[in-house]
Amino acid sequence: MRPAELYPDDLVFEHEATAATGVPGPTIRQWARRGKIRRYEGNGRYSGNGHEYKTMYALPEIEARAAQYKRCPQRRPKAA
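All figures in this text were calculated on a predicted structure; none of them were measured in a lab.

Asks: So what exactly am I meant to see when it comes to the sheet that holds strand β3 (residues 55-58) here?
Replies: Hydrogen bonds along the backbone pair up the strands of a sheet, which may run parallel or antiparallel. Judged by pairing direction, the sheet is antiparallel, and its 3 strands sit side by side in the order β1-β3-β2 without closing on themselves. Both edges of this open sheet fall to β1 (11-13) and β2 (39-41), since each of them pairs with a single strand only. Strand-to-strand, the axes of this sheet are offset by a mean angle of 45°, without reference to chain direction. Relative to β3, β2 is paired through 3 bridges, and the arrangement is antiparallel. Among the inter-strand pairings, E41 is bridged to a residue of β3, identified as T55. Strands in contact with helix α1 (residues 14-21) are β1 and β3; relative to β1, the strand with the most contacts, it is inclined by about 100°.

Here it is as structure tokens:
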């Protein structure tokens, strides 16, 4: 998806994308780090979630990736 195809309403903060898609925030950040989705500079305001999130993500890109996303169960720590 090209940035010119996005509307201003498509850019959301991480916690908003998590609420909309169910994908955890660390997974969204990992996708952005690996270049699978783009991250955008915020609009200069705080996210309003009590944190200073300034990074925004395109919700249509996350929704496209979330369709193939499967939660991977983590192993339980072994007793010593």
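Asks: Even after reading the chapter, I still don't get the environment of H15, so can you show me in this structure?
Replies: As for its position among the elements, H15 is in helix α1. Taking the relative accessible area as the measure of exposure, H15 reaches 24% and is therefore partly exposed. Considering only alpha carbons, one finds H15 and I28, 13 residues apart in sequence, at a separation of 9.9 Å.

Asks: Would you explain the packing of aromatic side chains in this entry?
Replies: Note on aromatic pairs: each is described by the distance of the centres and the angle between the planes. The tally for this structure, following the rule as stated, stands at 1 aromatic pair. Considering the side-chain rings of W31 and Y69, the 6.0 Å spacing of their centres and the 80° angle between planes classify their relative orientation as edge-to-face. Residue W31 is located in helix α2 (residues 25-33), and its partner Y69 is located in the segment after α3 (59-66); the two are separated by 38 residues in the primary sequence.

Asks: Before we go on, may I ask you to explain the pairing of β3 in this structure?
Replies: One face of the sheet, then the other: side chains in a regular strand alternate in exactly this way. The pairing of β1 with β3 spans 3 bridges and is antiparallel. Residue pairing across strands places F13 opposite M56, the latter belonging to β3.

Asks: Would you explain the packing of α1 against α2 in this entry?
Replies: Helix-helix packing is described using two parameters, namely the angle between the two axes and the distance between the axes. Running from amino to carboxyl end, α1 crosses α2 at an angle of 110°, the nearest separation of the two axes being 9 Å. By the angle class used here, α1 and α2 are roughly perpendicular. Classified by chirality, the crossing of α2 by α1 is right-handed. Of the residues in α2, those in contact with E14, A17 and T18 of α1 are G25, P26, I28 and R29. Tallied by class, residues from the contact of α1 with α2 come to 3 nonpolar, 2 polar and 2 charged.

Thresholds, definitions, all that
- Counting restarts for each chain: residues are numbered from 1 in the order of the written sequence.
- Local features are withheld for residues below a pLDDT of 70 in this predicted model, meaning they are given only at 70 or higher, and side-chain atom pairs are given and counted only at 80 or more; totals for whole chains, interfaces and linings count all residues.
- Remark: hydrogens and water are excluded; side-chain values derive from all non-hydrogen atoms of the structure.
- Any two strands are treated as partners once DSSP identifies two or more bridges connecting them.
- Strands here mean DSSP runs of E at least two residues long; helices mean DSSP runs of H or I at least four residues long; both are numbered from the N terminus.
- All axes here are fitted lines through C-alpha atoms, helices being fitted over the stretch that makes contact, and every angle between N-to-C directions spans 0 to 180 degrees.
- The contact definition used throughout considers only heavy atoms, calling two residues in contact when any of these lie within 4.5 Å.
- Relative accessible area decides the class of each residue, using a 1.4 Å probe on protein chains only: under 20% of the type maximum gives buried, over 50% gives exposed, and in between gives partly exposed.
- Any two rings among Phe, Tyr and Trp, with Trp reduced to its six-membered ring, count as a pair given centres within 6.5 Å; such a pair is stacked if its planes are under 30 degrees apart, edge-to-face if over 60, and tilted if neither.
- What sets the label is the angle itself: under 35 degrees gives roughly parallel, over 145 gives roughly antiparallel, 65 to 115 gives roughly perpendicular, and the rest give oblique.
- Two helices that cross are described as forming a left-handed crossing if the nearer one is turned anticlockwise from the farther one by less than a right angle, and a right-handed crossing if clockwise.
- Residue type decides the class: Asp, Glu, Lys and Arg count as charged, Ala, Val, Leu, Ile, Met, Phe, Trp, Tyr, Cys and Pro as nonpolar, and the leftover types, Gly among them, as polar.

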